[in-house]
Amino acid sequence: LPPVAPMVLEQGQASWYSNRLHGRPTASGERYDKNGLTAAHKTLPFGTEVLVRSLQTGREVLVRIIDRGPHLKDRIIDLSHAAAEALGMRRQGVAEVQIIEP
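A short tour of the structure in this document, coming up. (Residues numbered from 1 in each chain as written. Predicted model: local features only at pLDDT ≥ 70, side-chain atom pairs only at ≥ 80, totals over all residues. Heavy atoms only, no water.)

So, on to the overall build of the protein chain. The number of helices and strands found in the protein chain is one helix and six strands. When the elements of the protein chain are put in sequence order from the N terminus, they spell out β-β-β-β-β-α-β. A compact globule built from 102 residues should have a C-alpha radius of gyration of about 13 Å, and the protein chain, at 13 Å, falls within 12% of that. Looking at the protein chain as a whole, 40% of its 102 residues qualify as buried. Counting contacts in the protein chain only where the partners sit at least 6 residues apart, residues at least 24 apart contribute 70% of the total. (Helix = DSSP H or I, 4+ residues; strand = E, 2+ residues; numbered from the N terminus. Rg over C-alpha atoms; globule rule 2.2 N^0.38 Å. Buried < 20%, exposed > 50% of the residue type's maximum accessible area, 1.4 Å probe, protein only. Contact = heavy atoms within 4.5 Å.)

By size, the foremost hydrophobic cluster in this structure holds 18 residues, and its most contacted members are Val-52, Val-63, Ile-77, Leu-79 and Val-97. Among the secondary structure elements, those contributing two or more residues to this core are β3 (49-54), β4 (60-67), β5 (75-79), α1 (81-87) and β6 (94-100). In this view, Val-97 contacts Glu-10, Gln-11, Gly-12, Ala-14, Val-52, Arg-53, Ser-54, Leu-55, Ile-76, Ile-77 and Leu-87; residues no more than four positions away in its chain are not counted. (Core = buried A, V, L, I, M, F, W, Y, C linked by side-chain atoms within 4.5 Å.)

Where strand β1 (residues 8-16) lies against β6, seven bridges are found, and the strand directions are antiparallel. Counterpart to Ser-15 in the pairing with β6 is Val-94. Relative to β5, β1 is paired through four bridges, and the arrangement is parallel. Bridge pairing links Ala-14 to Ile-77 in β5. (Pairing = 2+ DSSP bridges.)

Moving on, we get to the environment of Glu-96. With respect to the helices and strands, the residue Glu-96 is situated in strand β6. Taking C-alpha positions, Glu-96 is 14 Å from Pro-70, a pair spaced 26 residues apart along the chain. Residue contacts for Glu-96: discarding those within four places in its chain leaves Gln-11, Gly-12, Gln-13, Arg-53, Ser-54, Leu-55 and Gln-56. Among the polar contacts made by the side chain of Glu-96, one reaches the side chain of Gln-11 at a distance of 3.4 Å. (Polar contact = N/O pair within 3.5 Å; in protein donor to acceptor, adjacent residues only side chain to side chain.)

Okay, here's the thing in structure tokens:
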């Protein structure tokens, strides 16, 4: 059988959480850990794992949804500090990404 292409769920702008939120509770009740590979999404269920791919760097990171957001309408996902670092997008703050079913 031919390999199945990964399913792109969404494409758009990602941003990352401020470090000052480290240790604060998220919408799921879990505390935000800037060193964890986690994210906020508007509708995906808590605990869902998705692959996030930066269209600028080509890098990918697997994150777990633990919060609601982002609250800016032009953004599709908010990433933890560690996830933004893994994608190579921490310095610019925002990047064009794809959210992919793993």
